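The lines below spell out each chain.
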Amino acid sequence: MPKTTSLNPRTVFFVSDGTGITAETFGNAILAQFDIEPKRVRLPFIDSEDKAHQVVRQINHTAELEARKPLVFTTLVDMQVLKVIRDGCKGMMLDMFGTFVQPLEDELGIKSHHRVGRFSDISQNKEYHDRIEAINFSLAHDDGQTHDDLAGADVILVGVSRSGKTPTSLYLAMQHGLKAANYPLIPEDFERKQLPPALVPFRKKIFGLTISPERLSEIRSERRPGSRYASLENCRAEVHEAEAMMRRSGIRWLSSTTKSIEEIATTILQEIRPERLSY
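In this text the structure is predicted, and so the values were computed from the model without any measurement.

## Some thoughts on the environment of Ser256
Inference 1: Here Ser256 is to be found in the loop between strand 8 (252-255) and helix 10 (261-272).
Inference 2: Placed 88 residues apart in sequence, Ser256 and Thr168 show a C-alpha to C-alpha distance of 9.9 Å.
Inference 3: Not counting the four nearest positions on each side in its chain, Ser256 is found in contact with Ser163, Thr210, Ile211 and Ile264.

Put into structure tokens, the structure is as follows:
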């Protein structure tokens, strides 16, 4: 079902005393359950009462212009700043910390840190350094740039060009700290009917991505319109050969056609490194 739009869309504010990314992620996850396409406004670093009053004025002005309540998602930890917005704004307010942290404090019998941001000193955080190392690895091994240190890879993604390998590799690195290499399957591989030789010793680490030829043709046409590379006939041939090769090689694979990067990554984790789903 297409998302509902109008000439006067509802505005959604994401208000935070940090970057606003958490508020935005929290809010968008909820909004995704509704068939609407709102106007989104992120208001980061709201860390004083003066800034909170400015936010109130902006929200209330929007409410007057649109003649309906804006939606306001907040992750504010300063109670005084939060009170200014809660008492003054004319929007529908959804406070992440008030909704989740307060009940958890009651259940756990302890007070939360009420600290802005997730890490007090990110430079000393091992997980942070592991992710940076994984990102560097994935960038170095993007699109088959190098065969060096494939033994150090957690996963090796293969598939035809533009099937989603690069964004999936980077997501696995950034979100899960996995060293993900990716290699395109090309006509030379199909002629040999074999995987690229450098990948054969690491078959157990390989995971394949495929895609519908129609969608692949659309994606490639954005980059190289009118080319044989983007033609539906060529896309059908490449996808057919790639899927046949993955079946022959016993490689696990899935179609990225209708799946988000998050869904693809979670499926790969379940297959390759299920322990990474627990932390």
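## Side note on the nonpolar core
Inference 1: Ranked by size, the top nonpolar core spans 22 residues in total, and within it Ile156, Val158, Val160, Tyr183, Leu185, Leu199 and Ile206 carry the most contacts.
Inference 2: When contributions to this core are tallied by element, the ones reaching two or more residues are strand 5 (155-159), strand 6 (180-184), helix 8 (213-223) and helix 9 (232-249).
Inference 3: No other element matches the 5 residues that helix 9 contributes to this core.
Inference 4: In contact with Ile156, not counting residues within four places along its chain, are Leu150, Ala181, Tyr183, Leu199, Phe202, Lys205, Ile206 and Phe207.

## Re the sheet that holds strand 4 (residues 92-95)
As a general point, the strands of a sheet are linked pairwise by backbone hydrogen bonds and lie either parallel or antiparallel.
Inference 1: If you walk across this open sheet you meet the 4 strands as 2-1-3-4, and the pairing is parallel. Of all strands in the sheet, those with a lone pairing partner are strand 2 (39-43) and strand 4, marking the two edges. Recorded for the sheet is a direction-independent mean angle of 20° between the axes of neighbouring strands.
Inference 2: For strand 3 (residues 71-75) and strand 4, the ladder comprises 4 bridges, and the chain directions are parallel. Counted as the bridge partner of Thr74 is Asp95 from strand 4.

## Some words on the confidence of the model for the protein chain
Inference 1: Put simply, the protein chain has an average pLDDT of 89, and 90% of its residues get 70 or more.
Inference 2: Predicted confidence is poor over residues 1-6, with pLDDT under 50, and the contacts of this stretch with residues over four places away or in other chains come to 11 contacts.

Quick notes on the rules
- Think of each chain on its own: its residues are numbered from 1, step by step along the sequence as written.
- Whole-chain, interface and lining totals are the exception, using all residues; otherwise, since this is a predicted model, local features are given only for residues with pLDDT of at least 70 and side-chain atom pairs are given and counted only at 80 or more.
- Only hydrogens and water are set aside; all other atoms, that is, all heavy atoms of the structure, feed into the side-chain values.
- Every helix listed is a DSSP run of H or I at least four residues long, and every strand listed is a run of E at least two residues long, numbered separately from the N terminus.
- Pairs of residues are marked as contacts when any of their non-hydrogen atoms sit within 4.5 Å.
- Buried residues of nine kinds, namely Ala, Val, Leu, Ile, Met, Phe, Trp, Tyr and Cys, make up a nonpolar core once their side-chain atoms join them within 4.5 Å.
- The buried label goes to any residue with under 20% of its type's maximum accessible area, the exposed label to any with over 50%, and the partly exposed label to all in between, with areas taken from a 1.4 Å probe on protein chains only.
- Note on pairing: two strands pair once DSSP finds at least 2 bridges between them.
- In this description, a line fitted to the C-alpha atoms serves as the axis of each element, helices being fitted only across the stretch in contact, and the angle between N-to-C directions of two axes falls anywhere from 0 to 180 degrees.
- You can read pLDDT as the predictor saying how much it trusts each residue, on a scale of 0 to 100.

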